[in-house]
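Understanding the architecture of this molecule
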Amino acid sequence: MNLFSLLDQTATRYPDLGAVFHGIDQVLTWSELRSRALCLGSGIRKRCGTGERIALVSENRPEYVELMFSAWAAEAAIVPINYKLHDREVAQILEDAEVSLVFVSPTLLPGLQRTAAAYPGRIVVIGEAEYAALLATEPLSPPASDPQALAWLFYTSGTTGRSKGAMLSHRNLLAMEIAHLADIEVMSENTSQIHVAPMSHGSGLYILPSVARGARQVVPASGGFDPVEFLDLCDQHPSCGSFLAPTMVQRLRLTVESGKRGASKNLRCIVYGGGPMYVDELRKSTVALGPVFAQIYGQGESPMTITGLDRAGHAIDDDAILGSVGWPRSGVEVRVIGPDGAAVPAGAVGEIVCRGDVVMAGYWRNPTATAQALQGGWLRTGDMGSFDERGCLTLRDRSKDVVISGGSNIYPREVEEALLAHAGVIKTAVVGRPDPEWGEVVIAFVVCAPGANVTAADLDAHCLEYIARFKRPKEYRFLDELPTSSYGKVLKNELRKML
């Protein structure tokens, strides 16, 4: 089964209902969306053939939906790329994925000169002449692909900081979609999905279950998250749901509490994930916005589907449950294991592992990383947690050093490598510091070369040449030496104590 079938079935059932909206303006009906995806897919297939990788480098915009389904109609895999990434990082992902075609937003193209130079003849600017020419192609017939075929190459950094492509098949993503509708949200043709988080990652995954049920796809006119705009859209569209990072939830709450705008009666469900949501913040947000919250815990390797806590779970007045990540999802087996690989008893902390149809096939052309992540049929998440007697899972720590800031994963190694490229830096270590607004912020400890006169402003400007703006450290601390163990390993726990 090909993921295009989700759109095909919905367009057959609700051909004349609004499918895609830009703000309050209807852009496409379901029938029109299906037709455009089959035409664009035909153009892609004639250009590239089948089984290729098609990259999307764009901010949130209405065309994102048709691009995803057109790639699947062409029996190609999509490679959505975070539009906030640096040109160097985009080029690295495109090279690794060996993409055949790159769809780029016109607003982002000027900042992607390295990418444009590396892929002459393979860049299509969304909405411009070449895009229109692809759309003018004779439409395809709906495809019938092998469900094990690659559908989405989801790039997620590893502990080395170099991006790895999690291979998600049509079967993986259909399992994700079914589990979401079974466990987390009830959707229909009378509901709406507002895309304020990046459609290249979290919000893009929610396109699948919402399209399957005929829910409106609403892209804000701003293309991003503005609390007032979001609540205004909720008033204009029926029964609204959205995926928000915890920092977005906090901004939404503060907007309501400040009186800038009231909560919307049409706000049906906010699914949060991608970082810790503290119990106190969750309780305050429920008072401000209503009992609308659901939580998912997942990874790119098991997209949004390991455990979850639905709205009914959030109604339980129990801090232990509200501070947890809920119960295992439908079709997913979850364990907490010790160093010997055996399951540990309730209350004991160990590594979280899972298996099921939603778990990736492996990392793209990276057998070493695949063997480390998938062991005996289980995905090793690298997260530490514990089950209680009720089977509820709580995250305790991360064995990976990822810093989760504003819902985005920032891997210390890639920041450290950028800093070490500065001639005046000889050693560095990056850690996360808890932050009430962002969840965590990046802090860099730096040892400078003898005689070097390096300032925080110098390092800030230097980082912009190597990594995305949002990955830059929020603070630089200069030390004479980093604390190390007898084996020479930097003791990051000691650095965290300094904070």
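Residues numbered from 1 in each chain as written. Predicted model: local features only at pLDDT ≥ 70, side-chain atom pairs only at ≥ 80, totals over all residues. Heavy atoms only, no water.

Observations concerning the nonpolar core
If you look at the biggest cluster of nonpolar residues, it comprises 104 residues, and the most contacted ones within it are Phe69, Trp72, Phe103, Trp152, Leu173, Phe230 and Ile270. With eight residues, the top contributor of residues to this core is helix H3 (residues 63-73). Ignoring anything within four residues of it in the chain, the contact list for Phe230 reads Ile194, Val196, Phe225, Ser242, Leu252 and Leu267. Val57, Leu85, Leu94 and Tyr119 belong to the second largest nonpolar core, which has 19 residues in total. (Core = buried A, V, L, I, M, F, W, Y, C linked by side-chain atoms within 4.5 Å. Buried < 20%, exposed > 50% of the residue type's maximum accessible area, 1.4 Å probe, protein only. Helix = DSSP H or I, 4+ residues; strand = E, 2+ residues; numbered from the N terminus. Contact = heavy atoms within 4.5 Å.)

Brief notes about the pairing of strand S8 (residues 163-169)
Burial within S8 is extensive, with six of its seven residues counted as buried. One ladder, built from two bridges, connects S8 with strand S18 (residues 362-363); its direction is antiparallel. Residue pairing across strands places Ala166 opposite Tyr363, the latter belonging to S18. (Pairing = 2+ DSSP bridges.)

Description of helix H10 (residues 227-236)
Turning to H10, its buried residues number three or more, namely Pro227, Glu229, Phe230, Leu231, Leu233 and Cys234. Looking at the buried positions of H10, the neighbouring elements they touch are strand S9 (192-194), strand S10 (216-219), strand S11 (240-244), helix H11 (246-258) and strand S12 (267-272).

Examining the sheet that holds S12
Strands sit in the order S2-S1-S10-S9-S11-S12-S13-S14-S15 across an open sheet of nine strands; the sheet is mixed. Every other strand in the sheet has two partners, leaving strand S2 (25-29) and strand S15 (327-328) as the edge strands with one partner each. Note that S11 and S12 share five bridges and pair parallel. Residue pairing across strands places Cys240 opposite Leu267, the latter belonging to S12. The strands touched by helix H7 (residues 170-183) are S12 and strand S14 (302-309); relative to S14, the strand with the most contacts, the crossing angle is about 20°. (Axes fitted to C-alpha atoms, helices over the stretch in contact; angles between N-to-C directions.)

Focus: the packing of aromatic side chains
Counted by the stated rule, this structure contains six aromatic pairs. Here the aromatic rings of Phe69 and Trp72 are separated by 5.2 Å at their centres, their planes lie at 90°, and the arrangement is edge-to-face. Of this pair, Phe69 and Trp72 are both found in helix H3, three residues apart, which corresponds to roughly one turn of the helix. Take Phe69 and Trp72: they sit in the same class, and that class is buried. When the ring of Phe225 is compared with that of Phe230, the centres are 6.1 Å apart and the planes differ by 65°; the resulting orientation is edge-to-face. For the pair Phe225 and Phe230, a shared accessibility class is recorded, and that class is buried. Lying over the aromatic face of Tyr466, Arg88 brings its terminal NZ or CZ to 4.8 Å of the ring centre. The ring of Tyr363 has Lys164 sitting right over it, with the charged end atom 4.8 Å from the ring centre. (Phe/Tyr/Trp six-rings, centres within 6.5 Å; stacked < 30°, edge-to-face > 60°. Lys NZ or Arg CZ within 6 Å of the ring centre and 35° of its normal.)

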